[in-house]
Amino acid sequence: MPLGIVHVDPSQERWANEYVPVYTVDGPGGRAERVPGQYGVYDSKPGDPNYSPIWRYNYVVVPRDYVANSLRSEDDARASGYPIIPSDTYTN
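These numbers come from a predicted model, not from an experiment. (Residues numbered from 1 in each chain as written. Predicted model: local features only at pLDDT ≥ 70, side-chain atom pairs only at ≥ 80, totals over all residues. Heavy atoms only, no water.)

A. Main features of the nonpolar core. Membership of the largest hydrophobic core is limited to 9 residues, which are Tyr19, Tyr23, Val35, Val41, Val60, Val62, Tyr66, Leu71 and Ala77. Leucine 71 has contacts with Pro21, Gln38, Val41, Val60, Val62, Tyr66, Asp76, Ala77, Ser80 and Tyr82, leaving out every residue within four places of it along the chain. (Core = buried A, V, L, I, M, F, W, Y, C linked by side-chain atoms within 4.5 Å. Buried < 20%, exposed > 50% of the residue type's maximum accessible area, 1.4 Å probe, protein only. Contact = heavy atoms within 4.5 Å.)

B. Summary view of the confidence of the model for the protein. Mean pLDDT over the protein: 91, with 96% of residues reaching 70 or higher. Across the protein, element-level confidence peaks in helix α1 (residues 74-79) with a mean pLDDT of 97 and bottoms out in strand β1 (residues 5-6) with 80. (pLDDT = per-residue confidence, 0-100. Helix = DSSP H or I, 4+ residues; strand = E, 2+ residues; numbered from the N terminus.)

C. Molecular detail of the packing of aromatic side chains. Summed over all chains, the structure comprises 5 aromatic pairs. With a centroid separation of 5.8 Å and an interplanar angle of 75°, the aromatic rings of tryptophan 15 and tyrosine 90 are classed as edge-to-face. Placement of tryptophan 15 in the loop between β1 and β2 (16-24) and of tyrosine 90 in strand β6 (residues 84-91) is noted, with a sequence separation of 75 residues between them. Of the residues examined, tryptophan 15 reaches a relative accessible area of 26% and is grouped as partly exposed. With a centroid separation of 6.4 Å and 85° between ring planes, the pair formed by tyrosine 66 and tyrosine 82 is classed as edge-to-face. One end of the pair, tyrosine 66, is in the loop between β5 (55-61) and α1; the other, tyrosine 82, is in the loop between α1 and β6, with 16 residues separating them in the sequence. With relative accessibility at 28%, the residue tyrosine 82 sits in the partly exposed group. (Phe/Tyr/Trp six-rings, centres within 6.5 Å; stacked < 30°, edge-to-face > 60°.)

D. Expanded view of the environment of arginine 56. For arginine 56, the position within the fold is in strand β5. Between the C-alpha atoms of arginine 56 and aspartate 88, which are 32 residues apart in sequence, the distance is 7.1 Å. Residues within four places of arginine 56 in sequence aside, it is in contact with Trp15, Ala16, Asn17, Glu18, Pro86, Ser87, Thr89 and Tyr90. Looking at arginine 56, its side chain comes within polar contact range of the main-chain oxygen of serine 87, at 2.7 Å. (Polar contact = N/O pair within 3.5 Å; in protein donor to acceptor, adjacent residues only side chain to side chain.)

Okay, here's the thing in structure tokens:
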């Protein structure tokens with residue numbers, strides 16, 4: 001059951017990475033402007049050694065001509081050359 005944003009101490013809690021393609025991290029209302037239609041990109045799945053149900057957002061800042069779901073894995077995000085900005089937002 002997704003709980004949304006959760007407050008954790010990242011030095012004490014186990015967490016995994018979610019890569020979130022965005023156009024800007026300072027969009028309307030001071031929130032990241034997500035790419036419409038983009039699915040979540042996760043670094044692990046249940047059963048993986050580094051899996052956690054707590055996800056840390058890592059914003060991948062993409063250009064406006066980015067095609068949704070072009071990035072489909074952590075490796076894709078890291079190899080893309082797009083800036084990756086770790087956030088202090090954790091979700092479940």
